[in-house]
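So you can see what is in the structure, the chains are spelled out below.
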Amino acid sequence: ALSMFGLGVYLANVALWTTLGVVCSVVGAFLALQTARLRYRFSDQDLDMQRVPGLDHPGQASDGAPETSPAIGPWDYRSIIHWEFWWPGFPVLAYFKETQTTEAGRRHFIPVIMDGKTMYQQMMARMGVAKTSPKPPIEEWDDLRPLSPKGWSRCVYWAKQRLL
């Protein structure tokens, strides 16, 4: 989140790409806010988002863990019929479609506001690989980072396949 904000400031002030810089800064500020306010919870049977109390509230449960309140969800893993993760190695956004809320299915786009590798691993393990387009195994995560040698070549290959 802060990296995205920093990229926006750099683009706006140094590279003089003001519009793109402002967009990146706004997205980065939004992700930083959400990172401070929300937590994902992957239980044995469902996924939900928990809201963490503000700084003015001590927020301690009786067992010493941070107190949370439901924000969105829960969604039973069996109700999730499709999910995606953009992009392994450089996580920004996760998507899933569930049939628990409406029969036709409801789409949810959620920002990756936690360790992306852990979130990807949890989604692969709990939501199932069959419910998504082909995804690389978790063992290849570090090779998918855009600035790693293998990651850069994969990004170029992917772009050529999609754009040409």
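Fair warning: this is a prediction, and the values are worked out from it, not measured in the lab.

Each value, and the rule that gives it
Residues numbered from 1 in each chain as written. Predicted model: local features only at pLDDT ≥ 70, side-chain atom pairs only at ≥ 80, totals over all residues. Heavy atoms only, no water. Helix = DSSP H or I, 4+ residues; strand = E, 2+ residues; numbered from the N terminus. Buried < 20%, exposed > 50% of the residue type's maximum accessible area, 1.4 Å probe, protein only. Contact = heavy atoms within 4.5 Å. pLDDT = per-residue confidence, 0-100. Expected span 1.5 Å × (residues − 1). Pairing = 2+ DSSP bridges. Axes fitted to C-alpha atoms, helices over the stretch in contact; angles between N-to-C directions.

*Asks:* Just checking my understanding: could you explain the overall build of the protein chain for this structure?
*Replies:* Scanning the protein chain from terminus to terminus reveals 4 helices and 6 strands. Taken from N to C terminus, the helices and strands of the protein chain fall in the order α-α-β-β-β-β-β-β-α-α. By residue count, 32% of the 164 residues in the protein chain fall in the buried class. Here the analysis covers contacts within the protein chain between residues at least 6 apart in sequence; of these, 42% occur between residues at least 24 apart.

*Asks:* Is there a simple way to explain the confidence of the model for the protein chain in this structure?
*Replies:* Do not read the fine detail of predicted coordinates wherever pLDDT is low. Per-residue confidence for the protein chain gives a mean pLDDT of 76; residues scoring 70 or more make up 70%. With pLDDT under 50 throughout, residues 55–62 is counted as low confidence; its partners more than four residues away or in other chains account for 8 contacts.

*Asks:* Please clarify how helix α2 (residues 18–37) should be interpreted in this entry.
*Replies:* Note on helix geometry: an α-helix contains 3.6 residues per turn, so any two residues three or four positions apart are oriented the same way. Helix length check: α2 (20 residues) gives 29 Å between terminal C-alpha atoms against 28 Å at 1.5 Å per residue, within 8%. Those residues of α2 that fall on the buried side of the exposure criterion are Gly 21, Cys 24, Ser 25, Gly 28, Leu 31 and Gln 34.

*Asks:* Before we go on, may I ask you to explain the pairing of strand β1 (residues 38–42) in this structure?
*Replies:* For a regular strand, side chains alternate in direction, first toward one face of the sheet and then toward the other. Alternating residues of β1 divide into Leu 38, Tyr 40 and Phe 42, all buried, and Arg 39 and Arg 41, none buried. Across 5 bridges, β1 lies against strand β2 (residues 46–51) in antiparallel orientation. If you follow Arg 41 over to β2, its bridge partner there is Asp 48. What sits between β1 and β2 in their antiparallel hairpin is a turn of 3 residues.

*Asks:* What is the right way to look at the sheet that holds strand β5 (residues 93–98) in this model?
*Replies:* Two modes of strand pairing occur in sheets, parallel and antiparallel, and in both the strands are linked by backbone hydrogen bonds. Taken together, the 3 strands give an open sheet; going across it, the order is β4-β5-β6, and neighbouring strands pair in antiparallel fashion. Strands at the two margins of the open sheet, each flanked by one partner only, are β4 (80–86) and β6 (106–111). Pairwise comparison of adjacent strand axes, ignoring direction, gives a mean angle of 15° for this sheet. Pairing between β5 and β6: 6 bridges, direction antiparallel. Directly across from Ala 94, in β6, lies its bridge partner Ile 110. Of the strands in this sheet, β4, β5 and β6 are in contact with helix α3 (residues 116–127), which crosses β4 at around 160°.

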